[in-house]
Each structure stands twice: as structure tokens, then as C-alpha cells.
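Commentary on secondary and tertiary structure
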Amino acid sequence: MVEQPILELKNVSSNYGNIKALKGISLKVFPGEIVTIIGANGAGKTTTLMTICGIVPLREGEIYYRGQPIHGRAADTLPALGLCQVPEGRRIFPRLAVEENLEMGAFFRKDQDDIRKDMAYIYSLFPVLKERRKQHGGTLSGGEQQMLAIGRALMSRPKVLLLDEPSLGLAPIIVQKIFEIIDDINKRNRTTILLVEQNANIALQTAQRGYVLETGSIVMEDDAEVLMNDPRIRKAYLGE
Amino acid sequence: MEFFLQQLINGITLGGIYALIALGYTMVYGIIQLINFAHGEFFAAGGYMGVILLSYLAAHGYMTTHPWLCLGGALVLTMIYCAALAMAVEKVAYKPLRYASRLSVLLSALGMSIFLQNGLMLTQGVYDKPYPSSLGQGGFEFGMITLSYLQILIVVVTVVLLVGLNALVFKTRIGKAMRATAQDKVMSSLVGINSNKIISLTFALGAGLAAAAGVMVGLYYGSVRYDMGFIPGIKAFAAAVLGGIGNITGAMLGGLIIGMVEIFGAGYISGQYKDVFAFIILIGVLYFMPTGIMGENIDDTRV
Amino acid sequence: MIHESKKIWKNYAIGLIWFFVLLWPLLGIHKDGSLTIGRAFSVWLYVLAGTFICLSLYTLHKNDILKWTGSPMAKAKDRVTAAAGALPNWFWVLLILTVAVLLPLFSHRYAQDVAINVLIYITLGLGLNIVVGLAGMLDLGYIAFYGVGAYTYALLNLQYGMSFWVALPFSAFFACLAGCIIGYPTLRMRGDYLAIVTLGFGEIVRIILNNWMELTNGPNGLLGIKPPGIYYPSFAHGFSLEFLYLKKLYLLYYVILFICIFTIVAVYRLNFSRIGRAWEAIREDETVAELMGVNTFRLKLLAYAMGAIFGGLAGAFFSARMRFVSPESFSFLESAMVLSMVVLGGMASIPGIILGAFALIVLPEVFREVELYRMLAFGAAMTLMMLFRPEGLIPAKRVGTRSEERGG
């Protein structure tokens, strides 16, 4: 019995302004997986996630989440369905407190007690956030902001978590920590993760499968290990 | 000394009014980067609705039997009315232009301002419309200083509204959503906040506060005019910029400062040029401290 | 396609109901304690009728049902526009110019009066256009320059007996100076703020004119300003130069026509110059223009000052023509009207602005009965134009072309 993908893109095209950013890409993500999309700057990685989330309008193709079409749905309806993004650059709300940022992550939820419990859980995952919980988000360091962004996304109890370049602008040691946490989220909560990254190295180490995106098209798709050992990939993205 | 204290009282009263109007400008600019030219007209509409309702109640004698209830009721209804008006204006004239050029939506706002002002003039007349005079005569006197009942009323109502807004924006879930949307519209959508509804709410709140200011100005000066929103609108915007555009506490502070400067300027320097002082402050702030006293609060992300 | 229409009609119905709810309290609650529904209802019906017709036409047009009625009309229209397009531009310019020059010969005083107004506003519109249309800056206090120009001539004439033509460059100069003074602090700030600040400046100028009794005589205004005069050769007693005040209306008409043509030519040349292209860059995206090496501040100041100059010229003529000047003529209402002309006619479009001025001055004259609703219509028209046709009635032709338009 073939498992149904929890997230599927079929022949999706979308534009960034007047430029064709995505040219008919198709991909599948199965429940519980960590899948990564790697590619250079400008390949269309962010556009992919923004198209899934409905921020960038779809020109062609379909997007299915848990078997239901979500293309054309308003972006703000998706977190309630369990689909949540941690966008590029963290984008935490700079003049809201750490605590309030987390509260916003749970905005659509009504279950106050569980929200409190979840917040306690996030604080245990990221103790530094608890320390700084009354501080404005904009005063946090890059790594702390990334933790806050992930924490905020977790507050929505996502089934599928989309991560856009979590390693961007962070020191290697912090990147390591972040990816450990990502792995942990996946293992502990069975949260499906679609990870978009420029740092192909750590992405392919963490993920099970990968797609390679080049100027708006998927040029390769395989298990992460296979991709890591592929000479073309090694040359183009792993710095050999 | 007594003159100073009197000006202080007057300044606080006027400052409160400007603060209420400034909040609407600052919240709307904070969330969609639009200077809502029509906001002055929400203030004026509030003034008119107040007098319409109060006159009606006066004609039925309710003003003599339950003056405070009438005032309270009229105030609430007026605020609701102007909130509805603002939501309609936003839906019709601003929402369709959300992704158009800045100039387009500014011009649309200007058009709405002219339309509403003339709408008020055509439906209500060109002349001043007087408030029923039975309310709020008299006050306390300390030597040369008068503290009228109306002034106390205005300050009390203003403080209540400001505290209420503060609580709403900083303590409630929806208030935090408003601040989040103002800071990063795309991200707020991504966490599940419906920006359209939040924007409507922002307009409604801002207009409600301006409406309250309108009613109180009508009571204080005794009458309203169809163009009463024009000059106070400019000054209130100056107050919003002074406090830091988008910043709610800033707008409150800015309003108070502008009110004080106007009263003291008129009292000590020149009464004829009192409108100019607020304006000089605006230029000064924009030149020396463009982000305002308390800092801006807008969406400075670029998707 | 059809259910999209359903959604529009549903929103339309909700909108109408909301409109009635907002309208009724203003017309139906009376200070004698009565509540009526009649007046509100009748106004509402008018609005309903008008919008219903417009929406129906729009829906029919969208669903291509109108094609069969349009066909013979469309064909005729196409033939006419093709024929008209075949004639070169200079033909039209020459035609209009000829009509303009010969106008006084076949018109009454009344028509000449209106024509003079139109020409003044064309000049103002073109001046404002430099700021709004070419450089993309929203100026809501433009009328201040008009006022400065008017008062400059008035004062120079009354205090020093200076003649109109000598004072004209002074008017332009002082207006330009005012532009620089206002522009210097203002143009460094965010574009949005410019609108409010210029609005404030316009008001300040009016307040100063109104209150500075010693200089401007305040609200009473200045009387007895002399009209323009010229020297003309006379052969009555041998060769001599006689001086004549141009008091006759048609002579004044030619003066303003001259000023107006001068303005048109100047703006046209500016538009297609290097400066004009730099302004267009600023208008499209200021940040990018700055990065491309355009000194945005200097150019914006230049636009502002140049716009002011034409306002000043128009103002000088205004006071020479009216022989009286008072602060009343320089209110925000006037600024808004000039702005409407530019916006409705087509920003940065010279023929558009001419049409805009023409429409906004002539139409109210023709439809005198609806004078009351003039400004209401202006306001609504401005918003509607932005919603449906932001380019204006006669859109401007771009100076450059975009790569997408060229097919790249």
C-alpha cells in the first residue's frame, strides 16, 4: 500500500514580479520525512515555499496538502491546517516581546491551557528564550532569533514545517545546534519537514531525501546520501 | 502664574483631543503606510453625528431627564457610526489599491476626503451647527482660573479611551495581532492572522477615537462645521509624526505636546498664528528626528 | 465567469445597504425630534440608479453581451480613430493653436472670460505636473506659489509702480524662492510626508497672507493693481511709442495665451530632456534612481522650484487681470482643483492636462444647476479614477520603454 504524500506539488509555476521563478516543478513529501530542496541563490527556493503558503500566487499547477488542494487558499488559513513556515531571515516581529512572538504563533488556536503548556515546552527546548521572554524580538542575536522563529512555528503544532534557509547568517556552531533541534522535532513529534537550504552540506546530512532546484526547475531528485555522493552535486554545491 | 495654570489646563484638554485624532492616523499609517486624508472627516462626521443625536434626544426631553446617559449613548453610537464609515471607506477606496503605487492610494484618500467633506456639507448645511447648550455649563473657579465641567469631562473621556486602547493593543491577543501586522504583514499572514480583518479593525478603532474627539470638540466649542476636520487633521498628523509614526504611545504623547504648544504659543506669542506652531514642530521633527520621539512602528520589511 | 458576476453583485448589494445605513442618520434624524426616511431614501435611489446602470453595463461588457450592439458603432469608431491617427500630430497642434488664437473674434465676453480661466489653470496644471506628474511627488500646497506670484506683482506694482512685464520675472523668482525654501527641508523626507507637509505649507502661506496686515492688508486684500501694459508704435504725430493698458478682455486673453504657450513648450522640452528622464526614474523608483547615480535631492528640488515658477507666472497674471488680490483665492480647495486636473487628465500628459483643465472649468459652467455638487463630484471622480483609470483620460506616453513592453 503506497503511502500518500502529505504535501505534493504538481507542475507548479509561479512568478516573482514579471520573472518566471518556478517553471513547472513537482515534488512530494511523505509524512514524517525530512526532505530538502537545495539550490543556489535565485534558484527559486524561497519562491517555492512562498507559493506553497499562498503568498506568491500560483500561475499553473496544483498543490495538495493531506490530499486536499490548497492552491488558491488564503495564506492565513494554512497554519490552522497544520502547515507552517519559518521564513528566510527569521522574520520575528521586532517590536513584540519574545513571549508575544510565541503567542502569535498560536494565534489561531483557542485552547488556552495547551497553549501555555506548549510555551513551557518551547522554553525548555530553548532556555535562552525564557530568559529573554520580555525582551523585544529585535534585540535578540541571530541564533536566538532563529530559535524564536522555530519556537513560534512550533506553537502552531504543525504537521508540516517549512523551513527557509535556517542556517543563513549564523555561525557554524549555532547552525549545528539548530539542525540538531530540527532533527529532534522531526523524531520526537513526527513532524514532516521540508527544508530549503543553500548550505547543502548540513541539509543533506539532516534530510532523508533531496531535490535540486536550478533556475526554477527541479534537475535532480534522490535520497540524500546518493546526492551527497554525486560528483556533480559535490562540485556545484558541496564545494569540491 | 495663574495665566500659566489656565493655559496648562487648556493645553491638556486640547492635547487629549489631538491625541485621539492622532491615534487614527498613526495606526493606519503603521499598518498600511497610508496617510488617511479622510481621517479628518471621520472626526468631523463624529462631531455631526453627536449633534444630530443629542439634538434629537433634546427635542424629546431626554437631555433634561438623563443628560449623562444621553451623552454616553450618543458618544457610543457616534463612535460606532464612524467606525462603520471608516470600514466602508477602506473597503471601497483603499483595499483595491493595496498593491498599487503610493501616489494612487494617496490620491484616492484625498478624493475621499473631499467627497466626505462635501457630503457633510450637502447633507448638513454650510453653516455652523450648534450643540444643544444645556450640557456642561459652569465649572470650578480658583481665582482667575476656570476649570469647566466640560474640560473635566473631556479629559476623563480621553483618558478612559486612551487607557482602553492601550490595554487593547498591548494586552489582548487581537491587539498583539494588530501590532504584528503593522510590523510585518507577510509574516502575520504566515502565522494565521487575517490581515484584511485586522486592517478593517484598525480603521474602525481609529475612526471611533476620532469620532469621540469630534463629539467633545462640538460640546466644547458649541458647534461643528463641515470643514472642521481640515486643520486639526494636519495638526494631529504632526502629532503622530512627532511621537513616531505607527507608535501608539508616541501618538498620545505627540498629541499632548502639540496641544500644549498651541495653547502656550497662542497665549504667550501670538494668537493669530497659533495654527503655525504645530506645523513648525512637524517640519522640525521631520528634519531633525524623522523617526519621532518614541520611534516608528511600521512594516519595514521588503519581501 | 458568471459566478464571478454573482460575487460582484452580492458585494454591490451589501455595499448599497451599508451606504443607506450610513446615509440615513445624516438626513433622517431631525433636531425637532422626528425621524424621516423620505429624503435619505430618495438620495439613495439616485445613487442606486446610477450605480446599477454602471454595474450592469460593466457586467454585460465583461460577458461580451454588448458586442452585437457595439459592432457597427465599434467599426465606425475604429474608422474615425484610424483616420484621425493618420493625421500627424502637428496638424492637431496647429488646428488647436489656430482656434485658440482666433477665439476672440467669434466669441462673447463670457466665453473669453471662461477661456482666460481655462488658460490660467492649464498653466497651473502644467506647473504642478512638473512636480506630480514628472517627478512623482505629491504636492498639496501648490497654490501657495500662485499666491506668492500674485502678491509679488501686486506689491511691486502698488508700492513701486513696476509694470507687469518687468515684475513678471520677479514673480517667477519669488515663487521659485518659496519653492526652494519649502522644498529644502521637505524633500529629504519620505514621500508620504511630502503631501502633508506641502499641505501645511500651503495653509501657512495663506495664514500669513491673511494676518500680515502691514504687508498684505490681510483679508481685505490689495486693490487697484494695474493691468499689463505695452508700448506700441504709433504714427499719429510722427513715430512715437504709446503706452496702453491692456484692459480689454481679449487683450488679456492674448497675454495669458502667450504665457500658457510658453509654459506648454517649456514643459514639453523639459519632459523630453535628460532632466525629464531623471525625473521619470525618480518617479518610478526613487531608491533605484539614487543607486544609479541620480542626485535625487537636487532633482526633486529642481522639479519643485520649476513648478513653482510657472505657478508664480500664473499668479502674476491673475492679480493683473483681477486688479485685486486677497488670500481667499489661495486656499486648499484651489490646490485640490489643480491637482484634480492633473490627475484626471493624465499625469505627465500635456494634452491630458489641457483636457483636464478644460473639463474642470467648462463643465461646471455648462451645468450651472449642479454647482453645489461640483466638489462632491471632484472627490468621487478622483477616487474613481485611481480605482479604474489611474493613467488619466489621456495617458502620457512614456519617454523610455520597458523591456517587458518591447517583448524582451
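Everything numeric in this text was worked out from a predicted model, so none of it was measured.

**Describing the overall build of chain B**
Scanning chain B for helices and strands turns up 12 helices and 4 strands. Its C-alpha atoms give chain B a radius of gyration of 19 Å, within 12% of the compact-globule value 19 Å for 303 residues. A burial count over chain B gives 58% of its 303 residues as buried. Within chain B, contacts between residues at least 6 apart in sequence are counted, and of these 79% link residues at least 24 apart.

**A word on the overall build of chain C**
Per the secondary structure count, chain C includes 17 helices and 4 strands. Taken over the C-alpha atoms alone, chain C extends approximately 80 × 70 × 50 Å along its principal axes. Here chain C holds 408 residues, and the buried ones make up 39% of them. Within chain C, counting contacts between residues at least 6 apart in sequence, those at least 24 apart form 75% of the total.

**Notes on the domain arrangement of chain C**
Segmentation of chain C into domains returns domain 1 (2-85) and domain 2 (108-388). Here domain 1 of chain C and domain 2 of chain C have C-alpha centroids that lie 36 Å from each other.

**Topic: helix H4 (residues 89-102) of chain C**
Between its first and last C-alpha atoms H4 of chain C spans 20 Å; for 14 residues at 1.5 Å apiece the expected length is 20 Å, and the two agree. Taken across its 14 residues, H4 of chain C has 0 buried, putting it largely on the surface.

**Digging into the pairing of strand S3 (residues 34-38) of chain A**
Residue and element names in this part refer to chain A. Of all 5 residues that make up S3, 5 are buried, and the element is covered over most of its length. Neither face of S3 is exposed, since Ile34, Thr36 and Ile38 on one face and Val35 and Ile37 on the opposite face are all buried. Bridging between S3 and strand S8 (residues 192-197) involves 5 bridges; their strand directions are parallel. Within S8, the position partnered with Thr36 by the bridge is Leu195. Bridge count for S3 against strand S9 (residues 209-214) is 4 bridges, and the pairing is parallel. The residue of S9 that forms the bridge with Thr36 is Gly210.

**Focus on the sheet that holds strand S6 (residues 83-86) of chain A**
Residue and element names in this part refer to chain A. Reading across from one edge, S6-S7-S8-S3-S9-S10 is the order of the 6 strands in this open sheet, with mixed pairing throughout. Bordering the open sheet on either side are S6 and strand S10 (217-223), each of which pairs with just one other strand. The average angle at which neighbouring strand axes cross in this sheet is 15 degrees, direction not considered. Pairing of S6 with strand S7 (residues 160-164) involves 4 bridges; the strand directions are parallel. In the sheet register, Gln85 faces S7, and the bridge partner there is Leu162.

**Regarding the interface of chain B and chain C**
The interface is formed by 45 residues belonging to chain B together with 39 residues belonging to chain C. Those elements that place two or more of their residues in the side of chain B that touches chain C are helix H2 (39-59), helix H4 (67-94), helix H5 (102-124), helix H10 (230-243) and helix H12 (274-288) of chain B. The element that contributes the greatest number of residues to the side of chain B that touches chain C is H5 of chain B, accounting for 16 residues. Here the side of chain B that touches chain C is composed, by residue class, of 32 nonpolar, 11 polar and 2 charged.

**Some points on the confidence of the model for chain B**
On average, residues of chain B score 89 in pLDDT, and 98% of them reach the 70 mark or higher. Of all the helices and strands in chain B, strand S1 (residues 129-130) of chain B carries the lowest mean pLDDT, 76, while helix H9 (residues 195-221) of chain B carries the highest, 95.

**Thoughts on the sheet that holds strand S4 (residues 58-65) of chain A**
Residue and element names in this part refer to chain A. The sheet built from 4 strands is open, its strands ordered S2-S1-S4-S5 with antiparallel pairing. The open sheet has two edge strands with one neighbour each: strand S2 (19-29) and strand S5 (68-69). Contacts from helix H1 (residues 45-52) reach strand S1 (7-16), S2 and S4 within the one sheet, and its direction differs from that of S2 by about 70 degrees.

**Observations regarding the packing of helix H3 (residues 98-105) of chain A against helix H7 (residues 173-183) of chain B**
Running from amino to carboxyl end, H3 of chain A crosses H7 of chain B at an angle of 100 degrees, the nearest separation of the two axes being 10 Å. In terms of their interaxial angle, H3 of chain A and H7 of chain B are classed as roughly perpendicular. Contacts from Glu100, Glu103 and Met104 of chain A of H3 of chain A reach H7 of chain B at Arg173, Lys176, Ala177 and Ala180 of chain B. Here the contact of H3 of chain A with H7 of chain B is built from residues that sort into 3 nonpolar, no polar and 4 charged.

**Comments concerning the pairing of S7 of chain A**
All names here are of chain A. For S7, the tally of buried residues reaches 5 of 5 residues, placing the bulk of the element in the interior. Where S7 and S8 come together, 5 bridges link them in parallel fashion. The partner of Val160 across the bridge, within S8, is Thr192. Regarding topology, helix H7 (residues 172-189) serves as the crossover connection from S7 to the parallel S8, and that connection is right-handed.

**Side note on the nonpolar core**
All names here are of chain B. Among the nonpolar cores identified, the biggest contains 291 residues, and Cys82, Ala211 and Ala238 are the most heavily contacted of them. Counting residues per element, this core draws most heavily on H9, at 16 residues. The contacts of Cys82, once residues within four sequence positions are left out, are Phe42, Ala45, Gly46, Met49, Ala207, Gly208, Ala210 and Ala211.

**Structural notes on unusual backbone geometry**
If you check the backbone angles, Arg90 of chain A has positive phi at about 70 degrees while not being a glycine. Within the secondary structure, Arg90 of chain A sits in the loop between S6 and H3. On the neighbour-count criterion, Arg90 of chain A (26 C-beta atoms within 10 Å) is buried. Even without being a glycine, Gln33 of chain B presents a positive backbone phi close to 55 degrees. Along the polypeptide, Gln33 of chain B turns up in the loop between helix H1 (2-32) and H2.

**Section: the packing of helix H5 (residues 109-134) of chain C against helix H13 (residues 296-322) of chain C**
Residues and elements named next belong to chain C. With their axes 8 Å apart at the nearest point, H5 and H13 run at an angle of 165 degrees to one another. By the criterion of interaxial angle, the relationship of H5 to H13 is roughly antiparallel. Note that H5 runs across H13; the crossing there is left-handed. From H5, Ile116, Ile120, Thr123, Leu124, Leu126, Gly127, Leu128, Ile130, Val131 and Leu134 reach across to H13, where they touch Ala303, Tyr304, Met306, Gly307, Phe310, Gly311, Leu313, Ala314, Phe317, Phe318 and Arg321. In terms of residue class, the contact of H5 with H13 is made up of 16 nonpolar, 4 polar and 1 charged.

**Thoughts on the confidence of the model for chain C**
Low pLDDT marks stretches whose predicted atomic positions should not be read closely. Residues and elements named next belong to chain C. Taken as a whole, chain C shows an average pLDDT of 83; of its residues, 91% reach a score of 70 or greater. Taken element by element, the predicted model of chain C shows its lowest mean pLDDT in helix H17 (residues 403-406) (47) and its highest in H13 (91). Low confidence marks residues 404-408, where pLDDT is under 50. Its contacts with residues over four positions away, or in another chain, come to 3 contacts. Both scores are available for the predicted complex, with the pTM at 0.90 and the ipTM at 0.91.

**Structural notes on the environment of Ile233 of chain A**
Residue and element names in this part refer to chain A. Counting through the fold element by element, Ile233 comes out in helix H10 (residues 231-237). On a C-alpha basis, the gap between Ile233 and Val196 in space is 16 Å, while along the polypeptide they are 37 residues apart. Those residues in contact with Ile233 that lie beyond four places of it in its chain are Val212, Leu227 and Leu238.

Analysis parameters
- Once a new chain begins, its residue numbering starts again from 1 and follows that chain's sequence as written.
- Chain labels run from A onward and ligand labels from 1 onward, assigned in the order the entries are written.
- Only residues with pLDDT of at least 70 are given local features in this predicted model, and only at 80 or more are side-chain atom pairs given and counted; all residues enter the totals for whole chains, interfaces and linings.
- Only DSSP runs of H or I with at least four residues qualify as helices, and only runs of E with at least two residues qualify as strands; both kinds are numbered from the N terminus onward.
- All radius of gyration figures rest on C-alpha atoms, and the globule criterion is 2.2 Å times the number of residues raised to 0.38.
- Each residue is classified by how many other C-beta atoms fall within 10 Å of its C-beta atom, where C-beta atoms are placed from the backbone; a count of 20 or more means buried, 12 or fewer means exposed, and values in between mean partly exposed.
- Note that contacts rest on C-beta atoms placed from the backbone: two residues are in contact if these are within 7 Å.
- What counts as a domain boundary in this text is fixed by an automatic or database domain assignment.
- A helix is expected to span 1.5 Å for every residue after the first.
- Think of it this way: DSSP has to see at least two bridges between two strands before they count as a pair.
- Lines fitted to C-alpha atoms define the axes here, with helix axes fitted over just the stretch in contact, and angles between the N-to-C directions of these axes take values from 0 to 180 degrees.
- The classification used treats Ala, Val, Leu, Ile, Met, Phe, Trp, Tyr, Cys and Pro as nonpolar, Asp, Glu, Lys and Arg as charged, and all other residues, Gly among them, as polar.
- Scored between 0 and 100, pLDDT is the confidence that the predictor attaches to each residue.
- The scheme is simple: roughly parallel for angles under 35 degrees, roughly antiparallel for over 145, roughly perpendicular for 65 to 115, oblique for anything else.
- Seen with its strands pointing away from the viewer, a crossover is right-handed if its path from the first strand over the helix to the second goes clockwise.
- Only buried residues count toward a nonpolar core: Ala, Val, Leu, Ile, Met, Phe, Trp, Tyr and Cys, linked into one set through C-beta atoms within 7 Å.
- Left-handed describes a crossing in which the near helix is turned anticlockwise from the far one by less than a right angle; the clockwise case is right-handed.

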